[in-house]
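Given next are the chains, with one letter for each unit.
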Amino acid sequence: MSTLSKINSLSKLSDIKDQELSVFGYFEDIGLSKIGEKINNQLNNVILKASFKGKLNSSLLIYLGDNNSKILLIGLGNSKKYTIDKLRGCAGTVIKEIKKNEISNFIIELIGGYKLNVNKYELTKSLVEGLILGSYDFNYYKSKNKKEFTIKSSILDGDNTGINDGVIISNATCYSRDLANHPSNILTPSKIADESIKIAKYSKIKCKIFDREEFTNIGMGSFSAVAKGAYEPPKFIILEYNGADNKNERPYAFLGKGITFDTGGISIKPSPKMDEMKFDMCGAATVLGIMKAVKELKPKLNLICAIAATENMPGGNAIKPGDIVKAYNGKTIEILNTDAEGRMVLADALSYINDIYKPQFMIDFATLTGAVIYSLGHIATGIMGNNKTLINNILKAGEITSERCWELPLWDEYCEQVKSKIADVKNLGAPGQAGTIAGAAFLKEFVNDTPWVHFDIAGTAWQTKDQPYIPSGPSGVGVRLSLELLNIISSS
Ligand code: BES
Ligand code: ZN
Ligand code: ZN
């Protein structure tokens with residue numbers, strides 16, 4: 001939940017007078033912006049006395065003598081090293097200070113924006129993202145001391161479309177974080193289906209839900225195998241958004257791994273940190289976040305979101321290592337480890353969506369391998385795919401949104417490693433080697449020639465340390481990037 005979900009635009013400097021708090025940026029090497037200097041010419045004396053230097057993400061709250069009004073200075077660091085992502089981060093720091101001091105309305109300038117070679121729309125959008133994403137906390141299950149207050153905020157001289165888009169995209173990201181934060185006893189596959197139905201309460205979106213029997217009968221033997229041990233009913237969910245002028249335009253497809261809890265199954269996981277496996281549905285949360293934003297942004301294109309949702313449980317009914325099953329596209333899979341379940345549910349989701357919708361591209365989001373954390377830590381998402389243009393556009397969208405991605409190779413030699421001795425493929429690669437690539441090599445067997453990119457978000461879907469606009473916990477990664485990607489594609 002974000003504390004801040006609405007933002008206004010104010011353009012006149014005189015509007016500042018009605019605000020409880022005004023926020024200005026302060027560079028180490030330049031000091032205040034021109035607007036900041038105009039506000040209060042005594043400010044520089046106060047800053048000097050407080051020995052405030054403008055270090056990145058430092059702040060100084062100043063009480064003005066006259067009435068109840070205050071000024072908050074946010075340190076922007078060195079102006080030559082300032083970036084659009086630092087702007088987001090500084091906005092995140094600002095909103096935390098505002099919450100801490102229980103301030104109920106404020107106005108903020110486009111902090112340091114004049115030093116960046118970025119248009120006003122992007123500056124405003126990024127500022128809004130920093131404010132809303134930084135205001136996020138999840139107190140849904142706290143029965144006491146829920147501090148609930150609303151903050152009214154305005155941006156001085158912001159761009160109205162930037163505010164509008166920024167608010168929609170950030171709220172969708174917070175929605176994705178909320179879904180991931182709910183534990184597996186609450187956020188079951190049925191609950192994910194209910195959320196999808198809610199999103200589809202709009203004329204341009206349709207929702208289709210297949211239950212266990214239905215998706216098993218159409219041949220999804222791989223997904224159905226993973227779901228065999230599940231107590232909670234599994235669901236295969238499709239959302240169709242029709243926004244293109246031409247109804248028959250081929251859609252773009254986004255797919256999400258929706259394992260509501262991953263015990264590992266019979267190849268059971270060790271106990272430490274197993275609670276984190278409630279986040280194994282973060283891919284599903286990402287695609288629902290994308291659809292929620294699309295519903296409000298109304299882009300002129302067609303889109304499909306698909307989620308394979310189940311828990312991965314051990315039990316008398318569960319699949320066992322060595323079992324062989326048949327996927328939707330007819331390929332047989334030797335299951336050597338029941339903990340490599342994400343690729344199995346996606347195998348059917350990808351081949352079904354490809355077969356039925358003939359999409360222009362398919363992108364899947366999945367917390368697929370622990371190995372990606374060894375390669376890239378919690379900084380970048382590992383991506384792999386079969387189409388250079390799509391990969392380059394994704395890398396670009398990752399830079400713009402600072403949801404950075406890094407491509408790992410998907411060479412034939414790696415693809416050989418998922419071939420099985422007695423079935424077509426196996427759900428493991430070479431022991432102890434290139435585990436993340438093996439996951440993608442397996443998925444590649446189910447996409448044919450459709451441009452496809454796999455996002456292994458196991459390292460980026462949640463963070464363990466607080467960051468200025470990503471509090472520890474689920475990050476909502478992939479929502480902002482995907483919307484930026486759709487922008488890039490629509491304008492090229
Ligand atoms: N959900 C896990 C991957 C994971 C691990 C995500 C840690 C986030 C943090 C996935 O289903 C899994 O268990 N993968 C196995 C694959 C292995 C059996 C080839 C893994 O990473 O160990
Ligand atoms: Zn697993
Ligand atoms: Zn998993």
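For the structure itself, consult the block above.
Because the structure is predicted, anything quoted here is derived from the model rather than measured.

What counts and how
Residues numbered from 1 in each chain as written. Chains lettered and ligands numbered in written order. Predicted model: local features only at pLDDT ≥ 70, side-chain atom pairs only at ≥ 80, totals over all residues. Heavy atoms only, no water. Donors = N, O, S within 2.8 Å, 3.2 Å for Na, K, Ca; no water. Tetrahedral: all angles 85-135°; square planar, octahedral: opposite > 155°, others 65-115°. Helix = DSSP H or I, 4+ residues; strand = E, 2+ residues; numbered from the N terminus. Buried < 20%, exposed > 50% of the residue type's maximum accessible area, 1.4 Å probe, protein only. Axes fitted to C-alpha atoms, helices over the stretch in contact; angles between N-to-C directions. Parallel < 35°, antiparallel > 145°, perpendicular 65-115°, else oblique. Left-handed = near helix turned anticlockwise from the far one by under 90°. Contact = heavy atoms within 4.5 Å. Nonpolar A, V, L, I, M, F, W, Y, C, P; charged D, E, K, R; others polar. Patch = residues over 30% accessible without salt bridge, like charges linked within 9 Å, V, L, I, M, F, W, Y side chains within 5 Å. Areas by Shrake-Rupley, 256 points an atom, 1.4 Å probe, with all protein chains shown as cover. Salt bridge = Lys/Arg side-chain N within 4 Å of Asp/Glu carboxyl O. Phe/Tyr/Trp six-rings, centres within 6.5 Å; stacked < 30°, edge-to-face > 60°. Pairing = 2+ DSSP bridges. Near = heavy atom within 4 Å. Polar contact = N/O pair within 3.5 Å; in protein donor to acceptor, adjacent residues only side chain to side chain. Expected span 1.5 Å × (residues − 1). Core = buried A, V, L, I, M, F, W, Y, C linked by side-chain atoms within 4.5 Å.

At 2.0 to 2.2 Å from the zinc ion (ligand 2) lie its protein donor atoms, namely D262 (OD), D339 (O), D339 (OD) and E341 (OE). Around the zinc ion (ligand 2) sit six donor atoms; with metal-centred angles ranging over 70 to 168 degrees, the donor geometry is irregular. Each donor residue of the zinc ion (ligand 2) belongs to the same chain, with the gaps between them written as D-x76-D-x1-E. Distance-wise, the zinc ion (ligand 3) is placed 3.2 Å from the zinc ion (ligand 2), both being coordinated by D262. Within this pair, whereas D262 is found in strand β10 (residues 252-262), its partner D339 is found in the loop between β13 (332-334) and α10 (342-357), the two being separated by 77 residues in sequence. Classification of D262 by relative accessible area gives buried; the value is 3%.

For a metal bound by four donors in a tetrahedral arrangement, the ideal donor-metal-donor angle is 109.5 degrees, while six donors in an octahedral arrangement ideally sit at 90 or 180 degrees. For the zinc ion (ligand 3), the full set of protein donor atoms is K257 (NZ), D262 (OD), D280 (OD) and E341 (OE), at a range of 2.0 to 2.4 Å. Each donor residue of the zinc ion (ligand 3) lies on one chain, and together they are spaced K-x4-D-x17-D-x60-E. Using a relative accessible area of 2% as the deciding quantity, one classes K257 as buried. Owing to a relative accessible area of 2%, D280 belongs among the buried residues under this scheme.

Between helix α12 (residues 388-401) and helix α15 (residues 479-490), the least distance of the axes is 8 Å, while the angle of their chain directions is 120 degrees. Considered as vectors, α12 and α15 are oriented oblique to each other. Our pair here, α12 against α15, has a crossing hand that is right-handed. Together, L390, N393, I394, K396, A397, G398, I400 and T401 of α12 and R480, L481, E484, L485, I488 and I489 of α15 make up the contact between the two elements. Grouping the amino acids of the contact of α12 with α15 by side-chain chemistry returns eight nonpolar, three polar and three charged.

Residues Y140, Y141 and I186 make up a contiguous nonpolar surface patch of roughly 310 Å² in combined accessible area. When you line up the elements, I186 lands in the loop between α5 (160-181) and α6 (189-199).

A few words now on the packing of aromatic side chains. Summed over the entire model, instances satisfying the criterion amount to 18 aromatic pairs. Here the aromatic rings of F138 and Y141 are separated by 6.0 Å at their centres, their planes lie at 55 degrees, and the arrangement is tilted. Since its relative accessible area comes to 22%, F138 is described here as partly exposed. Between Y328 and Y352, the ring centres sit 5.3 Å apart and the planes meet at 75 degrees, which makes this aromatic pair edge-to-face. One end of the pair, Y328, is in the loop between β12 (324-326) and β13; the other, Y352, is in helix α10, and 24 residues separate them in sequence.

Let's shift gears to the sheet that holds strand β11 (residues 302-312). Here eight strands make up an open sheet; going across it, the order is β8-β9-β11-β10-β14-β18-β15-β16 and the pairing mixed. Each edge of the open sheet carries a strand with a single partner, namely β8 (205-211) and β16 (405-407). Neighbour-to-neighbour, the strand axes of this sheet turn through a mean angle of 20 degrees, independent of strand direction. Where strand β15 (residues 381-385) and strand β18 (residues 452-456) come together, four bridges link them in antiparallel fashion. Within β18, the position partnered with I383 by the bridge is F455. Packing against the sheet, helix α14 (residues 435-444) makes contact with β14 (361-366), β15 and β18, and its axis sits at approximately 145 degrees to β18. This element, α15, spans β10, β11, β14, β16 and β18 of the sheet and lies at about 165 degrees to β14.

Let's shift gears to the site of ligand 1. Around ligand 1, the surrounding shell holds 16 residues, and the nearest of these are K269, D280, D339, E341 and G370. Note that a nitrogen atom of ligand 1 is positioned 3.3 Å from one of the backbone N or O atoms of L368. Protein chains bury 79% of the 510 Å² of accessible surface belonging to ligand 1 in isolation. Its residues assigned to classes, the shell around ligand 1 shows five nonpolar, four polar and seven charged.

Looking now at α14. When you tally the buried positions in α14, you get eight out of 10 residues, the bulk of the element. Of all the residues in α14, the buried ones are T436, I437, A438, G439, A440, A441, F442 and L443.

The phi torsion at D157 lies on the positive side, around 60 degrees, for a residue other than glycine. Mapped onto the elements, D157 comes out in the loop between β7 (152-156) and α5. Using a relative accessible area of 38% as the deciding quantity, one classes D157 as partly exposed. The phi dihedral of K273 is positive, around 65 degrees, even though this residue is not glycine.

Each full turn of the α-helix corresponds to 3.6 residues, which orients residues three or four apart in the same direction. Taking 1.5 Å per residue as the helical rise, helix α4 (residues 120-134) with its 15 residues ought to reach 21 Å, and the 21 Å between its terminal C-alpha atoms agrees with that figure. Those residues of α4 that fall on the buried side of the exposure criterion are L123, T124, K125, S126, L127, V128, E129, G130, L131, I132, L133 and G134. Here α4 starts with a cap whose side-chain oxygen sits 3.3 Å from the backbone nitrogen of Y121, and that cap is N119.

Core analysis: the largest hydrophobic core is formed by 58 residues, its most contacted members being F254, M291, L303, F361, I394 and F455. The element best represented in this core is helix α9 (residues 282-297), accounting for nine residues.

This part takes up the sheet that holds β12. Spatial ordering of the open sheet is given by β12-β13-β17, a layout of three strands whose pairing is mixed. Each edge of the open sheet is held by one strand with a lone partner, namely β12 and β17 (425-426).

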